[in-house]
Amino acid sequence: MNRGAARNLGTRGAQTPVPIASVTKVMTAYVILRDHPLHGDEEGPAIEADQQAADESVSGTESTAPVRAGRNYSQRQMLQLLLLPSGNNIARLLARWDAGGEEAFVAKMNKAASGLGMNRTTYTDASGIGSTTVSTSQDQLKLAREAMKNDVFRKIVATPSATIPGVPGTVLNTNTLLRTPGVVGLKTGSSTPAGGNLVWAATARDDGSGPLVLGVVLHQQAGTSAEQGLHAALDRSEKLITAVRAGLAADDRRSA
């Protein structure tokens with residue numbers, strides 16, 4: 001956990017690399033926005049959904065976002081489909097768009113991780129579906145700090161839902177903690193080998209004021225279903241946010 005960029009509130013548990021599932025997409029988005037910056041309300045270039053992304057969108061075995069082959073979506077819309085419903089097909093599509101293929105894009109992800117000092121992280125795919133993509137809470141916290149410096153990324157991960165032309169219905173964010181006052185992100189991830197994972201971002205006070213606090217919860221109830229793991233990660237994170245806010249409020253009272 002971190003208060004702003006200056007104060008570390010501690011860690012719990014061994015920093016042994018574990019599968020992180022769709023938390024991987026934080027790095028995917030980070031590399032895309034680094035290579036193709038967006039500012040303010042810019043939509044960015046049009047990205048055509050290829051047949052592979054369309055075919056993969058009807059998969060019943062992984063989280064996907066429905067796109068039509070041949071239809072153009074803006075870069076911002078693609079990032080929304082990546083980060084809100086956690087579209088694995090979108091992660092792979094963005095990798096092909098940026099680097100020509102997923103393998104080349106993953107090399108960029110690992111180089112970016114090394115540059116951020118994420119020494120216990122290995123990315124082997126762009127979506128996190130592979131159990132060989134592993135990291136630690138400390139490493140993911142380093143990434144979260146950098147990613148949240150980008151205003152476009154911050155805005156997207158704080159969005160509970162979105163309507164995107166060409167995508168049926170309303171796109172919902174898998175991070176249901178956004179319903180909690182003052183929670184402003186960040187990214188979920190869950191699978192049977194990974195358990196439930198959440199990188200979260202919240203203001204120090206539930207009215208939205210105070211410095212930003214970041215936290216990472218990994219490997220909750222690994223070996224159960226993805227749904228059980230995610231529920232455990234969300235529940236654990238909510239309790240941590242409450243405890244951290246109470247501790248910071250007590251610190252403020254003592255220093256007043």
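Chains are numbered independently. Their residues run from 1 in the order of the written sequence. Thresholds applied to this predicted model are a pLDDT of at least 70 for local features of residues and 80 or more for the giving and counting of side-chain atom pairs; totals over whole chains, interfaces and linings are not thresholded and use all residues. Neither water nor hydrogens contribute to the side-chain values; these are computed over all heavy atoms in the structure.

### Structural notes on the packing of helix H3 (residues 75-83) against helix H4 (residues 88-99)
Packed helix pairs are characterised by how far apart their axes lie and by the angle those axes make with each other.
Move 1: Where H3 meets H4, the closest approach of the two axes is 9 Å, and the angle between their N-to-C directions is 140°. Across the interface between the two elements, Gln-75, Met-78, Leu-79, Leu-81 and Leu-82 from H3 touch Ile-90, Ala-91, Leu-93, Leu-94 and Trp-97 from H4.
Move 2: Taken together, the residues of the contact of H3 with H4 sort by class into nine nonpolar, one polar and no charged. Axes here mean lines fitted to C-alpha atoms, for a helix over just the part in contact, with angles spanning 0 to 180 degrees between N-to-C directions. Counting from the N terminus, the helices are the DSSP runs of H or I reaching at least four residues and the strands are the DSSP runs of E reaching at least two. Note on definitions: a residue-residue contact is assigned when non-hydrogen atoms from the two residues lie within 4.5 Å. Residues are grouped as follows: Ala, Val, Leu, Ile, Met, Phe, Trp, Tyr, Cys and Pro are nonpolar; Asp, Glu, Lys and Arg are charged; all remaining types, including Gly, are polar.

### Details of the packing of helix H1 (residues 25-35) against H4
Move 1: Across the interface, H1 lies against H4 with an axial gap of 11 Å and an inter-helix angle of 30°. In terms of orientation, H1 lies roughly parallel with respect to H4. The crossing of H1 and H4 is left-handed. Together, Lys-25, Thr-28, Ile-32 and Asp-35 of H1 and Asn-88, Ala-91, Leu-94, Trp-97 and Asp-98 of H4 make up the contact between the two elements.
Move 2: Taken together, the residues of the contact of H1 with H4 sort by class into four nonpolar, two polar and three charged. An angle below 35 degrees is read as roughly parallel, one above 145 as roughly antiparallel, one from 65 to 115 as roughly perpendicular, and any other as oblique. Each crossing is labelled by how the near helix is turned from the far one, with a counterclockwise turn of less than a right angle marking it left-handed and a clockwise turn marking it right-handed.

### Regarding H1
Move 1: Counting buried positions along H1 yields nine of eleven residues, so the element is predominantly enclosed.
Move 2: Exposure categories follow from relative accessible area, calculated using a 1.4 Å probe and restricted to protein chains: below 20% of the type maximum is buried, above 50% is exposed, and the middle band is partly exposed. Listed as buried for H1 are Lys-25, Val-26, Met-27, Thr-28, Ala-29, Tyr-30, Val-31, Ile-32 and Leu-33.
Move 3: Those residues of H1 hidden inside the fold are in contact with H3, H4, helix H5 (102-115), helix H6 (137-147), helix H7 (151-157) and strand S9 (183-191).

### A word on the layout of surface pockets
Move 1: By volume, the second largest pocket amounts to about 380 Å³.
Move 2: Cavities and pockets are found on a 1 Å grid laid over the protein atoms alone: a cavity is a set of points where a 1.4 Å probe fits but cannot escape, a pocket is an open set with protein on both sides within 12 Å along at least five of seven lines, and a lining residue has an atom within 4 Å of such a point. Lining the second largest pocket we find 21 residues, and of these Ser-22, Ser-63, Ser-190, Ser-191 and Ala-226 sit closest to its centre.
Move 3: Those elements giving two or more residues to the lining of the second largest pocket turn out to be S9 and helix H8 (226-255).
Move 4: For the lining of the second largest pocket, the element with the highest residue contribution is S9, accounting for five residues.
Move 5: Classifying every residue of the lining of the second largest pocket gives six nonpolar, twelve polar and three charged. Grid points are joined across faces, edges and corners, and a volume is the space filled by probe spheres set on the points.

### Some words on the side chain of Thr-203
Move 1: Mapped onto the elements, Thr-203 comes out in strand S10 (residues 195-203).
Move 2: Taking the relative accessible area as the measure of exposure, Thr-203 reaches 10% and is therefore buried.
Move 3: A distance of 2.7 Å separates the side chain of Thr-203 from the backbone oxygen of Arg-205, its partner in a polar contact.
Move 4: Those residues within four positions of Thr-203 in sequence are excluded, and the remaining contacts are Gly-182, Gly-208, Ser-209, Gly-210, Pro-211, Leu-212 and Arg-245. The term polar contact refers here to a pair of N or O atoms within 3.5 Å; inside protein, the definition further demands a hydrogen-donor-capable atom paired with an acceptor-capable atom, and it admits residues adjacent in sequence only when both atoms are side-chain atoms.

### So, the pairing of S9
Move 1: When you tally the buried positions in S9, you get seven out of nine residues, the bulk of the element.
Move 2: We treat two strands as partners when DSSP finds at least two bridges between them. As paired elements, S9 and S10 share eight bridges and run antiparallel to each other. Each residue of the ladder has a partner; that of Gly-185, found in S10, is Ala-201.

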